[in-house]
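Chain residues, written in single-letter form:
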Amino acid sequence: MNKVAIITGASRGIGAATAKLLAERGFAVCVNYHTSKDQAHAVVEAITQNQGKAIAVKADMAHEDDIIKLFEQVDDELGSVTALVNNAGTNGGMGEVENITHERLHSVFATNVFGAFITCREAVKRMKGHQGGSIVNVTSEAAKFGGNKLAHYAASKAAINTFTIGFAREVAAYNIRVNAVSPGVIDTEMHHASPPERIAALMNSLPMKRMGQAHEVAELIHWLLSDAASYMSGAIIPVTGSR
Ligand SMILES: NC(=O)c1ccc[n+]([C@@H]2O[C@H](COP(=O)([O-])OP(=O)(O)OC[C@H]3O[C@@H](n4cnc5c(N)ncnc54)[C@H](OP(=O)(O)O)[C@@H]3O)[C@@H](O)[C@H]2O)c1
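None of the values given here were measured: they were computed from a predicted structure. (Residues numbered from 1 in each chain as written. Predicted model: local features only at pLDDT ≥ 70, side-chain atom pairs only at ≥ 80, totals over all residues.)

Draft legend 1. Main features of helix 4 (residues 102-128). Taking 1.5 Å of rise per residue, the 27 residues of helix 4 would be expected to cover 39 Å, and the 36 Å separating its terminal C-alpha atoms lies within 8% of that figure. In helix 4, a bend of some 40° at Ala110 exceeds every other bend along the element. (Helix = DSSP H or I, 4+ residues; strand = E, 2+ residues; numbered from the N terminus. Expected span 1.5 Å × (residues − 1). Bend = angle between axes of the 7 residues up to and from the residue.)

Draft legend 2. Representation of the packing of helix 1 (residues 13-24) against helix 2 (residues 37-49). Contact geometry of helix 1 with helix 2 gives a least axis separation of 10 Å together with a crossing angle of 20°. Judged by the inter-axis angle, helix 1 sits roughly parallel to helix 2. Seen along the crossing, helix 1 lies across helix 2 with a hand that is right-handed. Judged by residue contacts, Ala16, Ala19, Lys20 and Ala23 of helix 1 engage Val43, Ala46 and Ile47 from helix 2. Taken together, the residues of the contact of helix 1 with helix 2 sort by class into six nonpolar, no polar and one charged. (Axes fitted to C-alpha atoms, helices over the stretch in contact; angles between N-to-C directions. Parallel < 35°, antiparallel > 145°, perpendicular 65-115°, else oblique. Left-handed = near helix turned anticlockwise from the far one by under 90°. Contact = placed C-beta atoms within 7 Å. Nonpolar A, V, L, I, M, F, W, Y, C, P; charged D, E, K, R; others polar.)

Draft legend 3. Looking closely at the site of the ligand. Near the ligand you find 28 residues, and of these Gly9, Gly13, Ser36, Gly89 and Thr188 are the closest. At the level of elements, helix 1 and strand 2 (28-33) are the ones that each hand at least two residues to the shell around the ligand. Here the shell around the ligand gets three residues from one element, more than from any other, and that element is helix 1. Of the residues belonging to the shell around the ligand, the class tally is 10 nonpolar, 15 polar and three charged. (Near = placed C-beta within 6 Å.)

Draft legend 4. Representation of the pairing of strand 6 (residues 176-183). Among the eight residues in strand 6, eight count as buried, and that is most of the element. Along strand 6, one buried face is formed by Ile176, Val178, Ala180 and Ser182 and the opposite face, lined by Arg177, Asn179, Val181 and Pro183, is buried too. Here six bridges tie strand 5 (residues 133-138) to strand 6, and the two strands are oriented parallel to one another. Looking at the pairing, Asn137 lines up with Ala180 of strand 6. Across four bridges, the pairing between strand 6 and strand 7 (residues 236-239) is parallel. Paired with Ser182 across the strands is Pro238, a residue of strand 7. (Buried ≥ 20, exposed ≤ 12 C-beta atoms within 10 Å, placed from the backbone. Pairing = 2+ DSSP bridges.)

Here it is as structure tokens:
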């Protein structure tokens, strides 16, 4: 069976590292992006220069129509999806609940939660028609501790944790496995907007005295997608350097 992976939000950070690693390990990959067109195409170029197969597809994970079109494009250009990584995510910016707007809350949940539900719906339709498949949702340790002025983001990731468990049970009989990886603090652009004092406080709280690297999360994602993890489903695995 051809291994075809869709990685949402793969223009940079954890998604880009995952797309490159999966391509190196034999997957044809769809590098989804929303706004970072040049970065997504650079990821595809790096993969193809390395003899891998990849396409870049623009789709806003907050929009159902975009997601449906992305899956159709992948059907046509790479074949039916066998692996899905729901990585696209936004923290919506720091802020207290008393100041949150409906628009901001909606945008965070539309991308992080609704987007993941809809991609799973589209993937499972296709995976059921074949020999199954594997899905990894990228959640966050913030789901457990509530986030620091990021309750909206943390709550969206808590929804993904519960969804992962319920959906995994629902599709287990179809040879479809669903797991989540739960990063702690990973060195990506997600932290670039944070004030220096927040970064300093974060660094202080890290037992390994360093942030994780995107490729360290990608390795776990690859393992969960692989046959080596054939009895893993419904798991939410922290990647935190012991934080
Ligand atoms: N970094 C951390 O410390 C950390 C910790 C825990 C969990 N996570 C989770 O890990 C995942 C990846 O985060 P990262 O740190 O790699 O972040 P990042 O560097 O900020 O990258 C975010 C990615 O998500 C994409 N994205 C955002 N909104 C999108 C939308 N509406 N539609 C499609 N793509 C969208 C971005 O695409 P464009 O640039 O093309 O818009 C980008 O590729 C997220 O789910 C995040 O919540 C990260």
